[in-house]
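Residues per chain, in single letters:
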Number of protein chains: 6
Amino acid sequence: MSVLPVNSLETPRFCGIPTFMRLPQATTLEGLDAAIIGIPSDSGAPFRTGARFAPNAVRQMSIMLRPINPYRGNINVFEKLKIADVGDCNTVPGYEIQSLERIEQSVAALVKAGIVPCGIGGDHSVTLAELRAVAAKHGPVALIQFDSHSDTWDKYFAEQRYSAGTPFRRAVEENIVDPHHSIQIGLRGSLFRESDITQSLDLGYEVVTTDQMFEMGIQALADRIATRTAGKPAFITFDMDFVDPAYAPGVETPECGGPSARESLQLLRAMHDINLVGCDVVEISPMYEGPGQITSLLGATVMAELLALLATSR
Amino acid sequence: MSVLPVNSLETPRFCGIPTFMRLPQATTLEGLDAAIIGIPSDSGAPFRTGARFAPNAVRQMSIMLRPINPYRGNINVFEKLKIADVGDCNTVPGYEIQSLERIEQSVAALVKAGIVPCGIGGDHSVTLAELRAVAAKHGPVALIQFDSHSDTWDKYFAEQRYSAGTPFRRAVEENIVDPHHSIQIGLRGSLFRESDITQSLDLGYEVVTTDQMFEMGIQALADRIATRTAGKPAFITFDMDFVDPAYAPGVETPECGGPSARESLQLLRAMHDINLVGCDVVEISPMYEGPGQITSLLGATVMAELLALLATSR
Amino acid sequence: MSVLPVNSLETPRFCGIPTFMRLPQATTLEGLDAAIIGIPSDSGAPFRTGARFAPNAVRQMSIMLRPINPYRGNINVFEKLKIADVGDCNTVPGYEIQSLERIEQSVAALVKAGIVPCGIGGDHSVTLAELRAVAAKHGPVALIQFDSHSDTWDKYFAEQRYSAGTPFRRAVEENIVDPHHSIQIGLRGSLFRESDITQSLDLGYEVVTTDQMFEMGIQALADRIATRTAGKPAFITFDMDFVDPAYAPGVETPECGGPSARESLQLLRAMHDINLVGCDVVEISPMYEGPGQITSLLGATVMAELLALLATSR
Amino acid sequence: MSVLPVNSLETPRFCGIPTFMRLPQATTLEGLDAAIIGIPSDSGAPFRTGARFAPNAVRQMSIMLRPINPYRGNINVFEKLKIADVGDCNTVPGYEIQSLERIEQSVAALVKAGIVPCGIGGDHSVTLAELRAVAAKHGPVALIQFDSHSDTWDKYFAEQRYSAGTPFRRAVEENIVDPHHSIQIGLRGSLFRESDITQSLDLGYEVVTTDQMFEMGIQALADRIATRTAGKPAFITFDMDFVDPAYAPGVETPECGGPSARESLQLLRAMHDINLVGCDVVEISPMYEGPGQITSLLGATVMAELLALLATSR
Amino acid sequence: MSVLPVNSLETPRFCGIPTFMRLPQATTLEGLDAAIIGIPSDSGAPFRTGARFAPNAVRQMSIMLRPINPYRGNINVFEKLKIADVGDCNTVPGYEIQSLERIEQSVAALVKAGIVPCGIGGDHSVTLAELRAVAAKHGPVALIQFDSHSDTWDKYFAEQRYSAGTPFRRAVEENIVDPHHSIQIGLRGSLFRESDITQSLDLGYEVVTTDQMFEMGIQALADRIATRTAGKPAFITFDMDFVDPAYAPGVETPECGGPSARESLQLLRAMHDINLVGCDVVEISPMYEGPGQITSLLGATVMAELLALLATSR
Amino acid sequence: MSVLPVNSLETPRFCGIPTFMRLPQATTLEGLDAAIIGIPSDSGAPFRTGARFAPNAVRQMSIMLRPINPYRGNINVFEKLKIADVGDCNTVPGYEIQSLERIEQSVAALVKAGIVPCGIGGDHSVTLAELRAVAAKHGPVALIQFDSHSDTWDKYFAEQRYSAGTPFRRAVEENIVDPHHSIQIGLRGSLFRESDITQSLDLGYEVVTTDQMFEMGIQALADRIATRTAGKPAFITFDMDFVDPAYAPGVETPECGGPSARESLQLLRAMHDINLVGCDVVEISPMYEGPGQITSLLGATVMAELLALLATSR
């Protein structure tokens, strides 16, 4: 098994069954530093569904990406780290709790083998399962959450405690996230209740709204993230509704008025000094993005930036 | 509250919030003979999802239909029966079992009030909830199932017993369907196991495959249905994948090689002597049907034919 | 100006600004036997709109057609008749009556020059304007109408007398159609009132429903059309909702349960002994047909068959 | 009738026939402070059509919005004001002048009852009808127009005076808008004639082009609007082509190079001291927006901001 | 490596990177009886392009298929034959001749290893490359071509001899097809020249038009195919434009008026006594098929039937 | 032949077969100053294809543009210069080298007649053919390239030297571009190799990445372009992937994180002192842009700005 992606100057990108960035599909976990793992579950989605199809949609568009990242010193992530696409978690559609169990098992297998899990969701509830697996090894992690919603509500519909709207309250309750070293970035839009934002503060999270983010400026925010999470193993979760719907129409809960793709990528590229033990890109719903598939492309680009951040931090 | 649909010769169809066929939206159940009820649940869907959006998609296209049915003696269903659109069941997305409970409660409220429930699903598992409500009043019913799949498998994924693939096995086990007066029509396509069709026969169902249906002819099949269900309260469930995907691309599990819309409607129009106590149209997934929305239009047309059958049988 | 279409074996079909079947765009009317004329008006559309974009959509797909028609003795229509694409009528969107006036003027210019107008609508009200122009020269014509609706209602919305639902009542009142030599083929579906079909009979039209069409058989129906219109100048109007929505999803008023494309083309190819003085294809609404554009392609194919019928009748 | 929207933490948003923001559908006008009213008319559209389907498209996406507005002190608009969705105006498709009459009647019924009309168009000509109704009570109003075009041309096609391109010239002529207290914001793009912008100035309007808007800055512009309209009853009309087509692809006349959704919402949120007597969001054409429906979502978000402005100004 | 497809009753179909029918992706050719090979080339396409994306589109929809074929005695193809998905040929987009060379090499590697190649194109020119590889081992083969066009033209655009319109003339010239044991089925539609159909006859092919096919009947045609190809190694090529565009909108050259999916599948299921040494399904262009992806699903279903025919003939 | 566009205040934009901005379609080259020429070729496209359909897609959306440009002193380009739409180059799909030859011939015919060619591609390789034609008259030109990729790679797939990824290396080798007076603007995103950007510098080009562009500011960059190209005949090539995919989803190689439409148009409008001898807009792939067609509209707007720049520089 080669450890390098297929060379797109020799073989056209449309040739072959697409893996993430044309990486080899793992036949063993041995020797891997990090792994792309699809998490095709949308049972936590309270409105639009279809994130079960996101991992393969992101793979299809990721083949447009090239291996060298000029924003971090022309690093070739795949020469620095051994990364493979390990395929997808198994899930149980329509059964949220059982799906989270299956996902946790798959991610735990990676974590136990010393591999950094890089998940492609899935609705945002899958992050809870990933955090359980990661925290089992590393203890409570510092969460860096890019999201237009806090996802710290308590219960949904008939008192259900597990949903895409609740994972980061559960994670605090389960002591797998340390909120006092965690930060939520990008909140905006209308609220269910006055307490929608204070509920995150009450749990201990730092909150930076979209408006506050622009006031701080990108470099200051990147510095703030590093300070907030310093000394802690960190997990980055990127909900694609962080960006404006023009750049990511194919998401489960679009929220108008967000940053552009360029502003979002600049922020990721400015981040530094993160001890990354896991990450994911979630909430893409491919059937809502139209033929250009720009949401999936942006999701793939975000993941590529997270891999570069990982490579520079090792 | 008027009991008649809005007149589309006076007010353009695009004016107003769409109810089924522009019927009044019920503010009371009193005096109703039948009710259109949306069942927006897709937690039972093992592959494509999105049927949660089907009730409103069907309503939107149903406004193209007119009240008189020339295939049953120019009957005006809405003068013969008092029918309203009662809105949607409440559901719990991502929680199949809880969703079935909520659906059963909503449908039971209609059945107890002497109202024939006419459901717009939803994935096919919702029919189990409807059957529970109907059988609570009428006892085990004769099921008339139009479907390219039998939906009589036992378990799916991690041994889950409730899914769009299992309702008609569960219904026999729960003694809410009498399989010996029931019939499944339209099965076709590839199989999981050799026993996929015999499993229905083993449960007691009569099975007519798509090929057998064409061999029998439409009138003979309509007669056969009447004979099979004679003397029993009957429930008709119409899975939109019964028809060929060209006529219904927006379904959860399309199966190539089915009858045309015309052949399907002819069969419904030929049916007679059915003691109809409930019916539904299920498995439409609107985001897969494209801008023409022909699946939703055909689903609405099928429901209009079921209403006409109901009106002639009373 | 060459009189032959561009040769698609030399120049790829996608090269050049598309005219109907890659015909020359007329710079003069002189010498023309027939003319393709776009009629981009949808002010008569009571529900879905957008037929204003149909002429160019049909042109775009018509470039897939080739000049020889094997169903009428390998005739090359364009060697037999001199035909050009004369562009579009001018119209007044949002002003139905003024649009009909402008359309009538444009078509009359062709008719006066001895040119058979071959219109690409436009909603069905445009046919009234065409008939006015044609009848001004030929007197009341025999109408051959392929349509799932009769379009013989009296008034719509606030007593408006001109709409896509009324042209063939107006045409009788204006004495530009002779209903006693005219025939409506393909009516089906639900009705506004019991009298929806009898209103056409009352006006003098012969009516053949979709069901009756299949009972008669294609050859018998083609013969019947010839007999009905014998001795009269005839105008053929083909409403694309005549065919089933699976074959023509992009129409203004789709009606489920119609004939297939093959059955429809067979009927056109079987027609004979028609003294054709004008024809049109109407009611295509391109934004509802999806990326395959099969409605526009079928519309172009229907027009090509009408041209072949014209060529054989001269 | 409850006066509060359905709680989306209890009942999934996809359950129920969608009204604006899940508000109650009015059964009486009594006691209402403001009303959402759909104005499904596109007879004034000179190019792309389909705004007749916009009111329901906006309703469908508006259900993603929540009741609390954090940009105006966490106000709950629906506790401050009693608002309902009163359904749609009746219209006459294809008959622009008659449509305007019907619309004026519907809106006048609200205005006479002391209810602030909040319209969802419709092409921009519908605003003329709304202004007639509003001015009948309040006298000439101050118009605040967000738009990439001035819509102050004189005549279109065959000398028609009523169209989406002419309402704000007509409004001055009819003395229902006071141009000297009115302002047009966002003009940009190519022009028909050199006088396209000066024609608005000549009528008395203040004009702020897109470029000028960015030069002034958002807060200064908000202040300028307040100053310009001070002491006058004001009507806000928001043409969705004000924003760049990336954020609003589904409009009738897209104009490249506009502000982002974020910039547009910031401006609305900065507005203050407006005596709002009516408002609308117009020119959405849903069939051009693709499956993500981000235009309709942004349109709904704009209307929610206008409601919050209304609530703070009372 | 398991030789059986993933069990879709245990693992949801949307889990995992899709191979054809969830077959194992080959890591070795050893022991294989047949192989699915993608041929992503569209350089031969004279009009619509995009078939380069067809192999993965077909794979994505093929995961809906199940392993047992009830139309051939409930055969489990994958227990009878060892089949894998070997991925895609390498190609050179924009360089037709070089692409054919690369394709021939890839297919030849299979043929030399005794593996029956089952290709998923690609435009129809790729079949020429496959035939070269197959004939190198088996000599001139009997071609069974399902297609609405003959693809036996001589040259296209600037005298190019290799294109989707020419492969079956080239194949005769290269003596890799024996036309006298070959048959073309399904020709229909308008012609470039009178000789379009006779040119195939002149080369020695038997031709059955779509009309003739319906006159013969399906069983008689299946028998005729067996007789025509008796005693010869046979290659089946299925151009998706054989079926009507309603069933296959996503093709490169749609031709209205073809058979339905059901009629097409019936014909494949009736075929018998074929000594199959290779086959393909070609001319799918996924970006034209809309969100339902019914063309790709039908293409996958056709390939599954070809595999079943292969399994019964061994 | 009128030299002015059709007046869209008299004739609705949807009337007539669309030429660029409703310009007259040329019947002679005599007297023309500049010409719009479609270059429908995508044989150079290494990934997404379909640019062969771009010229007509751009024409269709260009009809929304008006003749006066307020950003350059309300200039009416069509009164200043005589411009026509001369239709399309002939091409050879699937044969890259032959296509370039045909394109060069067509463009050379314009250049020789003293007409400035304004091309609508096509993939980016077509610019090489245009440059050959232009340089034959003017000598090596100064290239102003807006593009997220440098397109200066050496070879692709099987050592092919002509592709959308190589034209600006070939152009230097062929001495038709003078790199020392040329500039590439907008490069960004991941790289194949560390040398991807330095390879342009090594050839002599000046390179301004997207990040550098924002650092410089728009006016400074416009000045820099003028300085760099001073004294040289200049050719502007605008690859639509220069802008962010939100504004141009329908391109062959989208690259996330680009400038907005507004920023891009501002840059074009700020440009000055260019001796323009040719220009093009390339890499639009219409089937990826969805129903709003905003990529084609932006492409048309870009071309209109280039025409205004041309008019001011003469």
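Since the model is a prediction, treat every value here as computed from it, not as a measurement.

> Mind showing me how you'd approach the sheet that holds strand β8 (residues 206–209) of chain E here?
Adjacent strands of a sheet form backbone hydrogen bonds with each other and so pair up, either parallel or antiparallel. All names here are of chain E. Pairing in this open sheet of 8 strands is parallel, and the strands run β4-β1-β5-β10-β9-β6-β7-β8 from one edge to the other. In the strand order of this sheet, the two ends are held by β4 (83–88) and β8, each with one partner. Direction aside, neighbouring strands of the sheet carry axes that sit 15° apart on average. The pairing of strand β6 (residues 142–146) with strand β7 (residues 183–187) spans 3 bridges and is parallel.

> What is the right way to read the state of the cysteines from this model?
Disulfide: a covalent bond connecting the sulfur atoms of a pair of cysteines. Summed over the entire model, instances satisfying the criterion amount to 0 disulfides over all chains. The closest cysteine sulfur to the non-disulfide-bonded Cys 15 of chain B is located on Cys 89 of chain D, 8.0 Å from its own sulfur. Assessed through its relative accessible area of 7%, Cys 15 of chain B is described here as buried.

> Would you explain the UniProt feature "binding site: Mn(2+) 1" (unreviewed entry) in chain A in this entry?
In the numbering used here, UniProt assigns the "binding site: Mn(2+) 1" (unreviewed entry) feature to Asp 147, His 149, Asp 151, Asp 239 and Asp 241 of chain A. In terms of the greatest pairwise C-alpha distance, the residues named above, spread along 95 residues, form a tight cluster of at most 12.1 Å across. The residue Asp 147 of chain A is located in the loop between β6 (142–146) and α5 (167–173) in this model. Apart from residues no more than four positions distant in its own chain, Asp 147 of chain A is found in contact with His 124, Ile 185, Gly 186, Leu 187, Asp 239, Asp 241 and Phe 242 of chain A. With respect to the helices and strands, His 149 of chain A occurs in the loop between β6 and α5. Residue classification places His 149 of chain A among the buried positions, given a relative accessible area of 7%. Contact partners of His 149 of chain A, with chain neighbours within four places excluded, come to Leu 187, Asp 241, Thr 253 and Glu 255 of chain A together with Arg 66 of chain D. One polar contact links His 149 of chain A to Asp 241 of chain A, side chain to side chain, over a distance of 3.2 Å.

> Would you mind going over the packing of aromatic side chains with me for this structure?
Within a pair of aromatic rings, the relevant descriptors are the distance that separates the centres and the angle that separates the planes. Following the criterion strictly, the structure yields 48 aromatic pairs over all chains and no others. With a centroid separation of 6.1 Å and 75° between ring planes, the pair formed by Tyr 247 of chain A and Tyr 247 of chain F is classed as edge-to-face. With Tyr 247 of chain A in the loop between β9 (233–239) and α9 (261–270) and Tyr 247 of chain F in the loop between β9 (233–239) and α9 (261–270), this residue pair bridges two chains. Here the aromatic rings of Tyr 156 of chain C and Phe 157 of chain C are separated by 5.2 Å at their centres, their planes lie at 90°, and the arrangement is edge-to-face. Per residue, the accessibility class of Tyr 156 of chain C equals that of Phe 157 of chain C, and both read buried. Positioned over the ring face of Phe 192 of chain F is Arg 66 of chain A, at 5.2 Å from the centre of the ring.

> How should the relation of the copies chain F and chain D be read in this particular structure?
Superposition of chain F onto chain D requires a rotation of 120° combined with a translation of 0.0 Å along the rotation axis, giving an RMSD of 0.0 Å. Taken together, the rotation and translation describe the operation of a three-fold axis. For chain F, the residue whose C-alpha comes nearest the rotation axis is Ala 246 of chain F, separated from it by 3.2 Å. Mapped onto chain D, only 7% of the interface residues of chain F again fall at the interface, so the copies present different surfaces.

> It is not clear to me how the nonpolar core should be interpreted in this structure. Could you clarify?
Among soluble globular proteins, nonpolar side chains are generally buried collectively. Counting 413 residues, the largest nonpolar core has Phe 146 of chain A, Phe 146 of chain B, Phe 146 of chain C, Phe 146 of chain D, Phe 146 of chain E together with Phe 146 of chain F as the members making the most contacts within it. When residues in this core are grouped by element, the largest group, 13 residues, is from helix α10 (residues 294–312) of chain F. For Phe 146 of chain B, the contacting residues outside a window of four places in its chain are Ile 185, Ile 225, Ile 236, Thr 237, Phe 238, Asp 239, Phe 242, Leu 267, Leu 268 and Met 271 of chain B.

> Quick question: what am I supposed to make of the confidence of the model for chain A here?
Interpretation of this model should avoid reading the predicted coordinates in detail wherever pLDDT is low. On average, residues of chain A score 96 in pLDDT, and 99% of them reach the 70 mark or higher. The complex prediction reports pTM at 0.98, with the ipTM value standing at 0.96.

> Would you explain the pairing of strand β7 (residues 183–187) of chain C in this entry?
Put simply, side chains in a regular strand alternate between the two faces of the sheet. Residues and elements named next belong to chain C. With respect to burial, β7 is a largely interior element, 5 of its 5 residues being buried. Pairing analysis gives 4 bridges linking β7 to strand β8 (residues 206–209), with the strands arranged parallel. Within the sheet, the bridge partner assigned to Leu 187 lies in β8 and is Thr 209. On the question of chirality, the crossover connecting β7 to the parallel β8 by way of helix α6 (residues 198–203) is right-handed.

> Explain unusual backbone geometry to me, please; I cannot follow it from the model alone.
Apart from glycine, the bulk of residues carry a negative phi angle, and the bulk of peptide bonds sit in the trans form. Put simply, Gly 121 of chain C and Gly 122 of chain C share a cis peptide bond, and its omega is 10°. Inspection of the secondary structure puts Gly 122 of chain C in the loop between β5 (116–121) and α4 (126–138). A positive phi angle, near 55°, is found at Asn 74 of chain B, a position not held by glycine. Position of Asn 74 of chain B among the secondary structure elements: in the loop between β2 (68–69) and β3 (75–76). In this structure, Met 21 of chain F is a non-glycine residue whose phi angle is positive, near 55°.

> How should the side chain of Ser 163 of chain B be read in this particular structure?
Residues and elements named next belong to chain B. Structurally, Ser 163 can be placed in the loop between β6 (142–146) and α5 (167–173). The buried category is assigned to Ser 163, whose relative accessible area is 7%. A polar atom in the side chain of Ser 163 sits 2.9 Å from the backbone nitrogen of Gly 165. Setting aside residues no more than four positions away along its own chain, Ser 163 makes contact with Gly 44, Glu 96, Ser 125 and Tyr 156.

Rules used in this analysis
Residues numbered from 1 in each chain as written. Chains lettered and ligands numbered in written order. Predicted model: local features only at pLDDT ≥ 70, side-chain atom pairs only at ≥ 80, totals over all residues. Heavy atoms only, no water. Pairing = 2+ DSSP bridges. Helix = DSSP H or I, 4+ residues; strand = E, 2+ residues; numbered from the N terminus. Axes fitted to C-alpha atoms, helices over the stretch in contact; angles between N-to-C directions. Disulfide = S-S within 2.5 Å. Buried < 20%, exposed > 50% of the residue type's maximum accessible area, 1.4 Å probe, protein only. UniProt positions renumbered as here; feature names shortened; annotations may be inferred. Contact = heavy atoms within 4.5 Å. Polar contact = N/O pair within 3.5 Å; in protein donor to acceptor, adjacent residues only side chain to side chain. Phe/Tyr/Trp six-rings, centres within 6.5 Å; stacked < 30°, edge-to-face > 60°. Lys NZ or Arg CZ within 6 Å of the ring centre and 35° of its normal. Least-squares fit on C-alpha atoms with pLDDT ≥ 70 in both. Core = buried A, V, L, I, M, F, W, Y, C linked by side-chain atoms within 4.5 Å. pLDDT = per-residue confidence, 0-100. Right-handed = clockwise from strand over helix to strand, strands pointing away.

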